[in-house]
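Examination of the molecular architecture
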Amino acid sequence: MNGKTIFLALILVSFTFHIEANDQVEVMNPEQGVAVQKKSRFEFFKWRFTRTEPDRVTIDISDEWKDHDLDAQMNYTVWIGHSTFLVNNGDITILFDPMFSKYASPMSFAGPKRLIAPAMQIADLPKVDVVAISHNHYDHLDIPSLKAIHQAQPNTMFLVPKGDKKLLNKHGIENVQEFDWWDSFQLNTSEFHFVPVKHWSARTPWDTNESLWGGWVTTSKAYNLFHAGDTGYADIFITIKEKFKEIDYAFVPIGAYSPRNFMKNSHVNPEEALQLSKDLSAKKSFGMHWGTFILSDEPVLDPKIQIETKRGDLDFEIAVPGKVYFLD
Ligand SMILES: [Zn+2]
């Protein structure tokens, strides 16, 4: 590597932390588009350089998925880690935000490092019909993972937000469809709808919000589900509930919420995650986006503790990575 490459790599890696820390504030209104406010870079760097990183605690993972033939089994979900959920709805198998790499970063050797291994490897996956991506941050759109899935399963389709197709094409992935907010797509008897959430996009300091971000609603004969990607709290979940009537299962981020002044506009905290679930009237929710990478200041186990303390009667599961949960 020459000096220029190293310099560029350092900029990109520091930007990876920058992305997760998020000094960008998005105010999302699906009717009126997006307004961007920025916090000062000074405030951001002051936080980055004065913060104490939480302890690298590891959560338990399971290999219970090995007891099942996931190609034959129907109506289940497995949390693989971070926002990566494998879901079968009796019609097709979907993989959301596949992230199998060691670092959530443009570099394979630096940036936020995994606390736990993925509960399944790409070679262990059953036949995946669709990979659905929420947005292009490195912890959700991981090119090495997408390339490996494409190589292992060339027929898998990739559904991405508007603006991200060229990135996948550049890496040799051809079966890609781009979605604007509220665009739909049907495969067999399942329908995918890309919906707005409160977040933002960027992979470099120069491409902020050049592609979209969002969540996925998948409707099917068996049940409807919502994968939120990354999001701050907003009224949009009430709109989603009104539009799709029934959301049976919701996959909701619960981590990367501290400090609030940097995180609240792009990441819900556990209380807001519970409210989001109530807004959707979800029959059952699964927490995600915690326990896998340290992206923020809250202790690693806090999202789980907060949800378990505050969920009351709400069916909000803190899933164990690798365990098979049956959906009906
Ligand atoms: Zn993000």
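The preceding data block contains the structure.
Residues numbered from 1 in each chain as written. Predicted model: local features only at pLDDT ≥ 70, side-chain atom pairs only at ≥ 80, totals over all residues.

1. Quick notes on the overall build of the protein
Stated formally: A helix here means a DSSP run of H or I that spans at least four residues, while a strand means a run of E at least two residues long, and both kinds are numbered starting from the N terminus. To sort residues by burial, count the other C-beta atoms lying within 10 Å of each one's C-beta; a count of 20 or more means buried, 12 or fewer means exposed, and anything in between means partly exposed. C-beta atoms are built from the backbone.
Looking only at helices and strands, one finds eight helices and 16 strands in the protein. Every one of the 328 residues in the protein was classed for burial, and the buried ones make up 45%.

2. Observations regarding the packing of helix α7 (residues 270-280) against helix α8 (residues 302-310)
The condition that has to hold: Orientation is described by axes fitted as lines to C-alpha atoms, over the contacting stretch for helices, and by angles from 0 to 180 degrees between their N-to-C directions. These descriptions rest on fixed angle ranges, namely under 35 degrees for roughly parallel, over 145 for roughly antiparallel, 65 to 115 for roughly perpendicular, and the rest for oblique. For any helix crossing, the convention is left-handed if the near helix is rotated counterclockwise from the far helix by under a right angle, and right-handed if that rotation is clockwise. It is the C-beta atoms, placed from the backbone, that decide contacts: two residues are in contact if theirs lie within 7 Å.
Running from amino to carboxyl end, α7 crosses α8 at an angle of 50°, the nearest separation of the two axes being 9 Å. The orientation of α7 with respect to α8, classified from their angle, is oblique. Crossing hand, α7 versus α8: right-handed. Along its contact with α7, which presents P270, E271, A273 and L274, the element α8 presents P303, Q306, I307 and K310.

3. Examining the sheet that holds strand β7 (residues 157-161)
Quick note on the threshold: At least two DSSP bridges between two strands are required for those strands to pair.
An order of β8-β7-β6-β5-β4-β3-β16 is seen for the seven strands of this open sheet, with the pairing classed as mixed. Looking at strand neighbours, the two that pair on one side only are β8 (176-179) and β16 (324-326), the edges of this open sheet. When the angles between neighbouring strand axes are averaged without regard to direction, this sheet yields 20°. Judged from the four bridges that link them, strand β4 (residues 84-88) and strand β5 (residues 93-96) form a sheet pairing that is antiparallel. For L86, the partnering residue across the bridge sits in β5 and is L95.

4. Observations concerning helix α3 (residues 143-152)
Worth spelling out the cut-off: As used here, the arc belongs to the directions running from the helix axis to the C-beta atoms.
Buried within α3 we find L146, I149 and H150. The arc that holds every buried residue of α3, seen down its axis, measures 100°, which confines them to one face.

5. Observations regarding the sheet that holds strand β12 (residues 225-227)
Strand order in the open sheet formed by seven strands is β9-β10-β11-β12-β13-β14-β15, and the pairing between neighbours is mixed. The open sheet has two free edges, formed respectively by β9 (184-187) and β15 (316-317), since each of these has just one partner strand. Direction of pairing for strand β14 (residues 284-288) relative to β15: parallel, over a ladder of two bridges. Each bridged residue has a counterpart across the sheet, and for F286 the counterpart in β15 is E317.

6. Here's the deal with the pairing of strand β11 (residues 215-219)
Within β11, five of the five residues are buried, which leaves the element mostly enclosed by the surrounding structure. As paired elements, strand β10 (residues 190-195) and β11 share five bridges and run antiparallel to each other. Following the sheet pairing, V195 is matched in β11 by G215. By the bridge criterion, three bridges tie β11 to β12 in an arrangement that is antiparallel. Paired with W216 across the bridge in β12 is H227.

7. Looking at α7
An α-helical turn contains 3.6 residues, so any two residues separated by three or four positions project in the same direction. Within α7, eight of the 11 residues are buried, leaving the element largely enclosed by the surrounding structure. Residues P270, E272, A273, L274, L276, S277, D279 and L280 constitute the buried set of α7. Looking at the buried residues of α7, the elements they touch are β12, α5 (236-244), β13 (249-253), β14, α8 and β15. Residue S281 follows α7 closely and has a positive phi angle near 50°.

8. Overview of the packing of α5 against α7
Where α5 contacts α7, the axes come no closer than 8 Å and their chain directions differ by 25°. Accordingly, the angle class assigned to the pair α5 and α7 is roughly parallel. Of the two elements, α5 crosses α7, and the hand of that crossing is right-handed. Residues F237, I238, I240 and K241 of α5 pack against L276, D279 and L280 of α7.

9. Overview of the nonpolar core
So the rule is basically this: The term nonpolar core refers to a set of buried Ala, Val, Leu, Ile, Met, Phe, Trp, Tyr and Cys residues connected through C-beta atoms within 7 Å.
Ranked by size, the top nonpolar core spans 74 residues in total, and within it V131, A132, F226, A250 and F251 carry the most contacts. Excluding residues within four positions of it along the chain, A132 makes contact with I94, F96, L159, F192, W216 and H227.

10. Details of unusual backbone geometry
The omega torsion across S258 and P259 is 0°, close enough to zero to call that bond cis. Within the secondary structure, P259 is located in the loop between β13 and α6 (260-263). Its identity is not glycine, yet D97 carries a phi of approximately 40°, on the positive side. Here D97 lies in the loop between β5 and β6 (130-132).

11. Some details on the environment of G232
By the secondary structure assignment, G232 is in the loop between β12 and α5. For the pair G232 and N265, spaced 33 residues apart in sequence, the C-alpha to C-alpha distance is 4.8 Å. Those residues in contact with G232, other than ones at most four positions away along the chain, are K198, H199, K264, N265, S266, H267 and V268.

12. Structural notes on the environment of W182
Relative to the helices and strands, W182 is located in the loop between β8 and β9. Excluding its chain neighbours within four sequence positions, the residues that come into contact with W182 are H193 and V195.

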